[in-house]
Amino acid sequence: MAYSASLSSHIPFHASRFISTKRSSKPPTKTTLLKPPAAIPPLSTAITFDADLPTLAAISGGSIAALAAVISLTDPERRRKLQAEEVGGGDKEVVREYFNNSGFQRWKKIYGETDDVNKVQRDIRLGHSKTVENVMAMLTDEGPLKGVTVCDAGCGTGALSIPLAKEGAIVLASDISAAMVAEAKKQAEEQLSADSEGAGPVMPKFEVNDLESLNGKYDTVVCLDVLIHYPQSKADGMIAHLASLAEKRLILSFAPKTFYYDLLKRVGELFPGPSKATRAYLHAEADVERALQKVGWKIRKRGLTTTQFYFARLIEAVPA
């Protein structure tokens, strides 16, 4: 897999590639092709891989052809259907159930500051925090956030909502998981204290909602690492709905669909481990862009955040 680094303008985000689609009067920079990695690329934040580290090492050192042969004999979709049957619904119900129970405990630990995490979880924490840093840089690049209205759709434990509030943004923080929302509110109350004169950041408004039930109008809508839980057929509608809420820009992150990343997702499903993770869906960037174009939006900036076990495509879209 090769990446083209032909950029018209470059923002040096941490451990990421970021491309602006704006045209520049400056001569284009020299195109650089990165050679395909010798080992299998990193895993996504939300593609839960519960195999232990020795297993990961064995997999990373094995042949891709051999893995493909093994995967061709498996039926990961069967496990997905069983999950849905257990909770009596489809993807949305599986996500809600997972993040209100075992998933909440798992990801609260990963997104938190506890040392009680393994190497893989620590790396995922790092990757997600870099995505948040990149989003904050993207948002503040065009001016102060004081008074700017932002919808954080899929807020999790508040990793983005709280920094936004600290910068003066008026934030609606929403998540499908009541447990996540409660934790985000708790973290916000601890971190957004007013000073001695009663002045301080405006506390985000927290609510329990799935993406399609959100309403209102916001200067910016942000949805990070959520689309991985839904197939493209459902993601199209979610993207359209999120765009309808945004006045100026929409920021999305998702796990990009490539041969290597798709292979790793399938490998992860061979080693589900003790916890029941949600179904994971990769999305082709072209499909996401097509969904945006259908509702009159265009991608203005693109980025990629990667660590050893995390990867996320980051895009900023604006009205066409």
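Fair warning: this is a prediction, and the values are worked out from it, not measured in the lab.

About the criteria used
- The numbers attached to residues start from 1 for each chain and follow its sequence in the written order.
- Local features in a predicted model are, by the rule used here, given only for residues with pLDDT of at least 70; side-chain atom pairs are given and counted only at 80 or more, and totals for whole chains, interfaces and linings are based on all residues.
- Excluding hydrogens and water, the side-chain figures rest on all heavy atoms present in the structure.
- Grid points spaced at 1 Å over the protein atoms alone were grouped into cavities, where a 1.4 Å probe fits but cannot get out, and pockets, open sets with protein on both sides within 12 Å along at least five of seven lines, with lining residues defined by an atom within 4 Å of a point.
- Grid points are joined across faces, edges and corners, and a volume is the space filled by probe spheres set on the points.
- By definition, any uninterrupted DSSP run of H or I lasting at least four residues is a helix, any uninterrupted run of E lasting at least two residues is a strand, and each is numbered from the N terminus.
- Residues are grouped as follows: Ala, Val, Leu, Ile, Met, Phe, Trp, Tyr, Cys and Pro are nonpolar; Asp, Glu, Lys and Arg are charged; every other residue, Gly included, is polar.
- In this description, contact between two residues means that some pair of their heavy atoms is separated by no more than 4.5 Å.
- Polar contact criterion, stated in full: a pair of N or O atoms within 3.5 Å, where within protein one must be able to donate a hydrogen and the other to accept it, and residues adjacent in sequence count only if both atoms are side-chain atoms.
- Think of a nonpolar core as a cluster: buried Ala, Val, Leu, Ile, Met, Phe, Trp, Tyr and Cys residues, connected wherever their side-chain atoms sit within 4.5 Å.
- With a 1.4 Å probe rolled over the protein chains alone, any residue whose accessible area is under 20% of its type maximum counts as buried; one over 50% counts as exposed, and the rest are partly exposed.
- A helix is expected to reach a length of 1.5 Å times the quantity of its residues less one.
- Picture the helix axis, draw a direction to every C-beta atom, and the arc is the one those directions span.
- Under the pairing criterion, centres of Phe, Tyr and Trp rings, with the six-membered ring standing for Trp, must be within 6.5 Å; the plane angle then separates stacked pairs below 30 degrees from edge-to-face pairs above 60, leaving the rest tilted.
- Helix axes are fitted to C-alpha atoms over the stretch in contact, other axes to C-alpha atoms as well, and angles between N-to-C directions run from 0 to 180 degrees.
- Working rule for angles: under 35 degrees goes down as roughly parallel, over 145 as roughly antiparallel, 65 to 115 as roughly perpendicular, anything else as oblique.
- When the near helix sits turned anticlockwise from the far one by under a right angle, the crossing is termed left-handed; a clockwise turn instead gives a right-handed crossing.

## Describing the layout of surface pockets
Logical step 1: The calculated volume of the largest pocket comes to roughly 500 Å³.
Logical step 2: Looking at the lining of the largest pocket, the elements that each hand over two or more residues are α5 (102-111), α6 (119-140), α7 (161-166) and α8 (178-191).
Logical step 3: Among the elements that take part in the lining of the largest pocket, α6 stands out by supplying five residues, more than any other.
Logical step 4: Of the residues contributing to the lining of the largest pocket, the split by class is five nonpolar, eight polar and seven charged.

## A closer look at the environment of Glu142
Logical step 1: Among the structural elements, Glu142 can be located in the loop between α6 and β2 (149-153).
Logical step 2: Excluding anything up to four places from it in sequence, Glu142 contacts Arg249, Arg300 and Lys301.
Logical step 3: Side-chain polar atoms of Glu142 contact the side chain of Arg300, separated by 2.6 Å.

## Digging into the nonpolar core
Logical step 1: Leu211, Leu214, Val221, Leu242, Leu250, Leu252 and Leu292 are the most contacted members of the largest nonpolar core, which totals 42 residues.
Logical step 2: Among the elements that line this core, the one with the most residues is helix α9 (residues 232-245), at six residues.
Logical step 3: Apart from the residues lying within four places of it in its own chain, the contact partners of Leu292 are Ile239, Leu250, Trp297, Ile299, Ile315 and Ala317.
Logical step 4: Grouped together as the second largest cluster of nonpolar side chains are 24 residues, Met136, Leu139, Val150 and Ile251 included.

## Observations regarding α9
Logical step 1: Look at α9: 20 Å from first C-alpha to last across 14 residues, which is about the 20 Å you get at 1.5 Å a residue.
Logical step 2: Among the residues making up α9, those that are buried are Gln232, Ala235, Met238, Ile239, Leu242, Ala243 and Leu245. For α9, the buried positions fall inside an angular range of 150 degrees around the axis, keeping them on one side.

## Thoughts on the packing of aromatic side chains
Logical step 1: Taken as a whole, this structure holds two aromatic pairs when the rule is applied.
Logical step 2: Consider the rings of Tyr98 and Phe99, whose centres lie 4.9 Å apart with planes at 80 degrees: the pair is edge-to-face.
Logical step 3: Between Trp107 and Tyr111, the ring centres sit 5.5 Å apart and the planes meet at 45 degrees, which makes this aromatic pair tilted. Within this pair, Trp107 and its partner Tyr111 are both found in helix α5, separated by four residues, close to a single helical turn.

## Topic: the side chain of Glu183
Logical step 1: Looking at the element boundaries, Glu183 is found in helix α8.
Logical step 2: Of note is the side chain of Glu183, whose polar atom sits 2.7 Å from the side chain of Gln187.
Logical step 3: For Glu183, the residues in contact, after removing those within four places along its chain, are Phe104, Lys108 and Thr157.

## Here's the deal with the packing of α5 against α6
Logical step 1: The geometry of α5 relative to α6 is characterised by a closest axis approach of 8 Å and an angle of 65 degrees between their N-to-C directions. One finds that α5 runs roughly perpendicular with respect to α6. The element α5 and its partner α6 pack so that their crossing is right-handed. Contacts from Arg106, Trp107, Lys109, Ile110 and Tyr111 of α5 reach α6 at Gln121, Ile124, Arg125 and His128.
Logical step 2: For the contact of α5 with α6, the per-class residue count stands at four nonpolar, two polar and three charged.

The values are spatial; any link to function lies outside them.
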